[in-house]
Amino acid sequence: MSDLAISPAASALDIRLAARAGRLTGHTSGLAAEHVQANLAILPAAVADDFQRFCELNPQACPLLAVTAPGETAVPALGADLDLRHDVPRYRVWRDGELVDEPTDIARWWRDDLVTFVIGCSFSFEHALLAEGIPLRHVEQGRNVAMYRSAIPTQAAGPFHGPMVVSMRPLRAADAIRAVQITSRLPQVHGAPLHLGDPALIGIRDLARPDYGDPVEVRADELPVFWACGVTPQAAIANARLPFCITHAPGHMLVTDLLNRELAGH
């Protein structure tokens, strides 16, 4: 099962197994659409309390779904057959705030003191938007969502601080209003948008040049709509200049067995 052969109808376990086997190395937008997808931040236990506080202070960008004990590689609440070392299509390894590797497997980087934070992802609310007939251009085009470092500050905790990263989807006004209503019911996957309209008001200079992901066209009858993004911790981690940590690569998510509709009831 190559990236191109993976059906959007594939199960969450199919996606994880494909990533584990190295058959899926691309982004996961649009895959296993009914399932919760998640960002990862994997940090030494010595800074875990500070990072958890950062997430609690910035819940719209960092909605926590699970936190492991040091060294744990499974998260039974998120999937019966799930291995944090292998089941993400691409990871990022950081040393002293600098990106040093983007592997498809982190077994050789794994340490017994690592604590994994599993953070909600906007790919989950996309299923709700699509189910309501709201078109998402990056999904239609098979692209990763566009993500930008904004001028919106986060609340600092310990060494963790930095700008809010936002994801953008172009929507017509009526669809944008409906999207606000839908996503406001899903706080565990970022909730309602932070901003609609002029990107300069939140410090974004050029929509054609996202900091992460792929650019998409914003047409004359559309508004750019911005949500808090789970890549925010990567900016904070870079600023903290930790000696060592691991994250997912933007858009390359952990696909869990949780269903998006289950989050709406929380």
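Refer to the structure above for everything that follows.
Colleague: Would you take a moment to explain the environment of His86 for this structure?
Modeller: Relative to the assigned elements, His86 resides in the loop between strand S2 (64-67) and strand S3 (91-95). Residue class for His86 comes out buried when judged on its relative accessible area of 16%. Residue contacts for His86: discarding those within four places in its chain leaves Ala19, Arg20, Tyr91, Thr104, Asp105 and Ala107.

Colleague: How should I be thinking about empty space enclosed by the protein in this particular structure?
Modeller: Over the atoms, a rolled probe matching the size of one water molecule traces out where space is still vacant. Using the criterion set out here, one finds 1 cavity of 30 Å³ or more in the structure. By volume, the largest cavity is sized at about 60 Å³. Around the largest cavity, the lining residues are Asn39, Cys121, Ser122, Phe123, Val145, Met147, His190, Cys229, Gly230, Val231, Gly251 and Met253. Grouping the amino acids of the lining of the largest cavity by side-chain chemistry returns 7 nonpolar, 5 polar and no charged.

Colleague: In this structure, what is going on with the environment of Ile15? I would like to understand it.
Modeller: Mapping Ile15 onto the fold places it in helix H1 (residues 12-20). Note: C-alpha distance between Ile15 and Pro89 (74 residues apart in sequence) is 8.9 Å. With residues near it in sequence (within four places) discarded, Ile15 still touches Ile6, Ala10, Leu24, Leu31, Ala32 and Val255.

Colleague: What am I meant to see in unusual backbone geometry here?
Modeller: If a residue is not glycine, its phi is most likely negative; likewise, a peptide bond is most likely trans. Notably, Ala32 is not glycine yet its phi reads approximately 40 degrees, a positive angle. Mapped onto the elements of the fold, Ala32 is located in the loop between H1 and strand S1 (35-44). A positive phi angle is found at Arg241, which is not glycine, with a value near 50 degrees. Structurally, Arg241 is set in the loop between helix H6 (232-240) and strand S10 (245-248). Owing to a relative accessible area of 45%, Arg241 belongs among the partly exposed residues under this scheme.

Colleague: In this structure, what is going on with the sheet that holds strand S7 (residues 163-172)? I would like to understand it.
Modeller: What holds strands together in a sheet is hydrogen bonding between their backbones, with the strands either parallel or antiparallel. Pairing within the open sheet is antiparallel, and its 4 strands lie in the order S6-S7-S9-S8. This sheet does not close on itself; its edge strands, each paired only once, are strand S6 (146-153) and strand S8 (195-196). Relative to strand S9 (residues 222-228), S7 runs antiparallel, the two being bridged by 7 bridges. Each bridged residue has a counterpart across the sheet, and for Met168 the counterpart in S9 is Phe226. Along the sheet, helix H3 (residues 122-131) makes contact with S7 and S9, crossing S7 at roughly 15 degrees.

Colleague: For this particular structure, what's the right way to read the side chain of His138?
Modeller: On the secondary structure map, His138 appears in helix H4 (residues 137-140). A relative accessible area of 3% means that His138 is categorised as buried. Among the polar contacts listed, one links the side chain of His138 to the side chain of Glu126, at a separation of 2.7 Å. Every residue in contact with His138, bar those within four places of it in the chain, is listed here: Ser29, Glu126, Arg143, Asn144, Val145, Arg169 and Val216.

Colleague: Even after reading the chapter, I still don't get H3, so can you show me in this structure?
Modeller: What sets the pattern is the α-helix's 3.6 residues per turn: residues three or four places apart point alike. Among the residues of H3, Ser122, Phe123, Ser124, Phe125, Glu126 and Leu129 are the ones counted as buried. Its buried side turned inward, H3 meets S1, H4, S7, helix H5 (173-183), S9 and helix H7 (260-263). In the stretch just after H3, Gly133 is the one whose phi turns positive, near 80 degrees.

Colleague: It is not clear to me how the pairing of strand S5 (residues 114-120) should be interpreted in this structure. Could you clarify?
Modeller: Moving residue by residue along a regular strand, the side chains alternate between the two faces of the sheet. Burial of S5 is extensive: 7 of the 7 residues sit out of reach of the surface. With burial as the criterion, each face of S5 is covered, one bearing Leu114, Thr116, Val118 and Gly120 and the other bearing Val115, Phe117 and Ile119. In the sheet, S1 pairs with S5 via 7 bridges, with the strands oriented antiparallel. Residue pairing for S5: Ile42 is matched across the bridge by Thr116.

Colleague: I tried to follow the pattern of salt bridges on my own but got confused; where do I start?
Modeller: In the structure shown here, the tally under the stated rule is 14 salt bridges. Salt-bridge contacts for Glu98 lead to Arg241; the nearest nitrogen and oxygen are separated by 3.6 Å. Taken as a pair, Glu98 in strand S4 (residues 98-101) and Arg241 in the loop between H6 and S10 lie far apart in primary sequence, 143 residues in all. Glu98 sits in the partly exposed class, given a relative accessible area of 44%. When salt bridges that share partners are traced, they join Arg20, Asp81 and Asp87 into one network.

How each quantity is defined
- Residues numbered from 1 in each chain as written.
- Predicted model: local features only at pLDDT ≥ 70, side-chain atom pairs only at ≥ 80, totals over all residues.
- Heavy atoms only, no water.
- Helix = DSSP H or I, 4+ residues; strand = E, 2+ residues; numbered from the N terminus.
- Buried < 20%, exposed > 50% of the residue type's maximum accessible area, 1.4 Å probe, protein only.
- Contact = heavy atoms within 4.5 Å.
- 1 Å grid on protein atoms, 1.4 Å probe; cavity = no way out; pocket = protein on both sides within 12 Å on 5 of 7 lines; lining within 4 Å.
- Points joined across faces, edges and corners; volume = space filled by probe spheres on them.
- Nonpolar A, V, L, I, M, F, W, Y, C, P; charged D, E, K, R; others polar.
- Pairing = 2+ DSSP bridges.
- Axes fitted to C-alpha atoms, helices over the stretch in contact; angles between N-to-C directions.
- Polar contact = N/O pair within 3.5 Å; in protein donor to acceptor, adjacent residues only side chain to side chain.
- Salt bridge = Lys/Arg side-chain N within 4 Å of Asp/Glu carboxyl O.

What is shown is where atoms sit, not what they do.
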